[in-house]
Amino acid sequence: MFFVPCCFYAPKISAQRQMENLGRGIIAVHKSADSVFVSWRMLGTEPQDIAFNLYRKTGNAAPVKLNKTPITESTNYEDARVNFSQPNTYFVKPVLKGAEQEAGKPYTLAANAPVQQYINIPLKTPQGYTPNDASVGDLDGDGEYEIILHQTGRGRDTPSPGLTDPPIFQAYKMDGTLLWTINLGKNIREGAHYTQFMVYDLDGDGIAEFACKTADGTVDGKGKVIGDSTKDWRTLNVEPRNVMYGKIMNGPEYFTIFSGKTGEALATTDYIPSRYPTNGWNGHGGNGGHDDTGNRVDRFTACIAYLDGVHPSVVMCRGYYGRSVLAAWDWRNGKLTSRWVFDSKDGENPYSGQGYHNLSVADVDGDGKDEIVYGSMVVDDNGKGLFSTGYRHGDALHVSDLDISRPGLEVFGIHEIEEGTKGPGVTVYDARTGETLFKGSMDQDVGRGVADDIDPAYPGAEMWWSGSNGLYTIKGVRIGDAPRSTNFLSWWDGDLNRELLDGNHIDKYKGGRLLTAEGCVSNNGTKSTPALSADLFGDWREEVMFRTADNQNLRIYTTTIPTKHKIYTLMHDPQYRLSIAWQNVGYNQPPHTGFYLGSDMKMLPKPNIVLVKKASAQKK
């Protein structure tokens with residue numbers, strides 16, 4: 001694939017971001033009777049002209065190079081006439097300036113491996129629990145991902161009374177080895193809006209941490225209790241049908257950094273902000289309303305952002321219908337420190353009531369530092385409000401270079417128009433300035449919406465939403481019928497357009513079904529989202545992770561469709577990688593790159609990153 005320079009948007013030269021030092025991530029899939037599909041990573045720090053040699057070792061025989069000349073146009077290969085009676089081990093060696101380099105970690109396909117395009121990960125699911133959202137991080141410094149899984153029992157929405165089961169988190173290796181379990185305890189309520197968990201290497205030692213809100217009785221991965229295990233802060237002194245029954249309106253709230261390697265609690269501090277006053281989280285318009293019943297006060301989101309342009313910080317957030325507070329934390333050299341706190345304070349503030357059930361992180365102004373796109377407003381890297389559009393709350397948010405005729409990034413969002421309010425149900429605005437570029441579905445409450453390039457006949461991204469009665473260009477021109485699904489997205493087949501991910505299947509717009517994950521089910525009710533969708537291994541296309549219907553396994557599906565497009569792993573694009581970190585937040589949204597990746601692509605920008613290797617001197 002050949003890219004030519006593009007003059008649309010040139011970010012300022014800035015310091016390099018610390019990113020994961022990933023390995024080759026090679027994967028081999030028994031595709032058909034006698035063929036194997038093999039793919040591997042190109043790293044974001046490698047030159048575009050890098051080439052590769054692919055080797056197969058069958059049983060005890062000597063390795064055989066499969067390609068006659070170095071592979072230059074892609075990072076995948078279809079190996080035909082394979083002997084499946086013995087194990088087949090594949091490994092790849094990069095070729096730089098004609099010289100073959102050291103091989104990456106191999107991948108072995110077992111003898112008589114079944115024809116299937118997924119890897120199966122057996123789980124130790126607690127009785128009565130269901131595997132829900134997942135995230136990934138390198139928990140041992142080997143350059144490959146492990147899985148952190150949220151196991152959910154009985155849950156409740158924030159307005160609903162009732163008791164819940166304690167949220168449980170488990171860390172797994174890709175072979176199903178259980179590394180640790182963290183039980184958040186009875187003083188953390190279970191539900192989509194309560195526990196937002198972040199997985200990322202926060203201190204740059206090559207091993208990811210796990211971070212979330214905790215409380216009295218949380219038990220870490222080594223069995224140590226946080227706070228006072230004897231305390232029960234649930235409201236139990238009312239009858240079960242009472243709106244307050246089971247809610248947690250008192251008691252300490254903590255924020256904890258855990259070791260990704262062991263699950264041990266490394267640092268715990270008071271959660272910022274506190275819940276008090278519990279009736280002080282109301283706002284204006286778009287489901288602003290008023291309550292003192294544990295609803296608006298217990299709406300949480302979270303993200304990771306490079307606020308200094310080099311090191312990642314974790315941002316824990318509370319509130320979005322009215323008052324919104326974002327608290328940025330740094331985990332450095334074994335110390336947890338507050339970086340800044342943004343507080344919209346009251347319902348009359350222009351930044352009040354602008355939050356979504358999700359968020360995004362992007363360098364909207366090109367200075368090398370990240371901003372938090374908090375729905376209808378943006379908070380700058382310094383913790384100050386950058387701007388507020390005033391369009392209020394919504395359920396779905398997409399941020400990328402959606403309009404390739406304009407410089408920089410755009411924000412597509414849908415809005416709740418409730419309680420007698422007026423305004424657009426759909427907007428597109430400039431991520432740098434807040435300038436409104438499109439308004440639609442005036443005075444209509446819109447519940448679902450998506451934006452990305454799914455039709456190669458039109459430049460840039462397309463958009464569609466519930467009630468849209470069509471597919472539109474990002475400028476608002478109707479160009480055809482809307483897809484049947486308004487949910488997730490996936491780069492799955494061989495071209496640069498994105499496919500439609502919904503439930504347990506992937507479809508191509510105007511092209512039919514590409515994948516059905518038989519025996520698997522989606523999560524989060526009518527949201528029908530996967531456990532995770534991300535570029536986990538192999539080439540730049542995305543994998544999708546589902547739970548099996550019996551809740552005893554995760555399956556990670558990977559494409560077996562060849563592509564001639566040579567792109568570095570999307571996990572080395574900072575905005576995409578941060579999208580994976582926040583994907584579990586609230587109403588899950590698909591990830592996006594910080595550059596335009598679509599059929600009209602003119603440039604593959606080089607990420608300004610430095611890869612962080614495991615610091616053997618530091619122990620976790």
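Residues numbered from 1 in each chain as written. Predicted model: local features only at pLDDT ≥ 70, side-chain atom pairs only at ≥ 80, totals over all residues. Heavy atoms only, no water.

Labelled according to an unreviewed UniProt entry, the protein chain appears under the name Rhamnogalacturonan lyase, originating from Mucilaginibacter arboris.

A count of helical and extended segments in the protein chain gives one helix and 45 strands. Looking at the protein chain as a whole, 62% of its 620 residues qualify as buried. Across the protein chain, every contact between residues at least 6 apart in sequence was considered, and the portion connecting residues at least 24 apart equals 61%. About 22100 Å² of surface is accessible on the protein chain, with carbon and sulfur atoms providing 50% of the total. (Helix = DSSP H or I, 4+ residues; strand = E, 2+ residues; numbered from the N terminus. Buried < 20%, exposed > 50% of the residue type's maximum accessible area, 1.4 Å probe, protein only. Contact = heavy atoms within 4.5 Å. Areas by Shrake-Rupley, 256 points an atom, 1.4 Å probe, with all protein chains shown as cover.)

Of all six residues making up strand S16 (residues 209-214), six are buried, and the element is well covered by its neighbours. Pairing between strand S15 (residues 198-200) and S16: three bridges, direction antiparallel. For Val 199, the partnering residue across the bridge sits in S16 and is Phe 210. Here six bridges tie S16 to strand S19 (residues 254-259), and the two strands are oriented antiparallel to one another. Bridge assignment links Lys 213 to a residue of S19, and that residue is Phe 255. (Pairing = 2+ DSSP bridges.)

We now examine the environment of Ala 51. Here Ala 51 shows up in strand S4 (residues 51-58). Note: C-alpha distance between Ala 51 and Gly 23 (28 residues apart in sequence) is 16 Å. Discounting chain neighbours no more than four positions away, the residues touching Ala 51 are Pro 70, Ile 71, Thr 72, Lys 93, Pro 94, Val 95 and Lys 566.

Attention shifts here to the sheet that holds strand S27 (residues 377-379). Here four strands make up an open sheet; going across it, the order is S25-S26-S27-S28 and the pairing antiparallel. Two strands in the sheet have a free side with no partner beyond their single neighbour: strand S25 (360-362) and strand S28 (385-388). Taken pair by pair, the neighbouring strands of this sheet meet at an average axis angle of 20°, ignoring direction. Relative to strand S26 (residues 371-373), S25 runs antiparallel, the two sharing three bridges. In the sheet register, Ala 362 faces S26, and the bridge partner there is Glu 371. (Axes fitted to C-alpha atoms, helices over the stretch in contact; angles between N-to-C directions.)

Turning to empty space enclosed by the protein, a few remarks are in order. The method is simple in principle: a probe with the dimensions of a water molecule rolls over the atoms, and the space it marks as empty is what remains. Taken as a whole and assessed by the stated rule, the structure comprises four cavities of 30 Å³ or more. Of the volumes computed, that of the largest cavity is approximately 100 Å³. Asn 187, Ile 188, Arg 189, Tyr 194, Thr 195, Lys 213, Ile 248, Glu 253, Arg 275, Asp 298 and Phe 300 are the residues that line the largest cavity. (1 Å grid on protein atoms, 1.4 Å probe; cavity = no way out; pocket = protein on both sides within 12 Å on 5 of 7 lines; lining within 4 Å. Points joined across faces, edges and corners; volume = space filled by probe spheres on them.)

As recorded in UniProt, the feature "domain: Rhamnogalacturonan I lyase beta-sheet" (unreviewed entry) lies at residues 17-106. Secondary structure content for residues 17-106 is 0% helix and 44% strand, and the end C-alpha separation is 28 Å. (UniProt positions renumbered as here; feature names shortened; annotations may be inferred.)

Our next topic: the state of the cysteines. If you walk through the whole model with that rule in mind, you get zero disulfides. Counting only cysteine sulfurs, Cys 303 is the nearest neighbor of Cys 317, a cysteine outside any disulfide, at a range of 5.2 Å. (Disulfide = S-S within 2.5 Å.)

With that settled, consider the sheet that holds strand S39 (residues 505-508). Ordered by their spatial adjacency, four strands build an open sheet running S37-S38-S39-S40, and the pairing between neighbours is antiparallel. Every interior strand has two partners, whereas the edge strands, strand S37 (488-490) and strand S40 (512-516), have only one. The mean inter-strand angle of the sheet, taken between neighbouring strand axes irrespective of direction, is 35°. By the bridge criterion, three bridges tie S37 to strand S38 (residues 499-502) in an arrangement that is antiparallel. When the sheet's bridge partners are listed, Phe 488 is paired in S38 with Leu 501.

Examined against the element boundaries, Thr 563 turns out to sit in the loop between strand S44 (553-557) and helix H1 (574-582). Residue class for Thr 563 comes out buried when judged on its relative accessible area of 5%. Considering only alpha carbons, one finds Thr 563 and Thr 75, 488 residues apart in sequence, at a separation of 8.3 Å. The residues contacting Thr 563, other than those within four sequence positions of it, are Ser 74, Asn 76, Gly 494, Asp 539, Trp 540 and Arg 541. Within polar-contact distance, the side chain of Thr 563 engages the backbone oxygen of Gly 494 at 2.7 Å. (Polar contact = N/O pair within 3.5 Å; in protein donor to acceptor, adjacent residues only side chain to side chain.)

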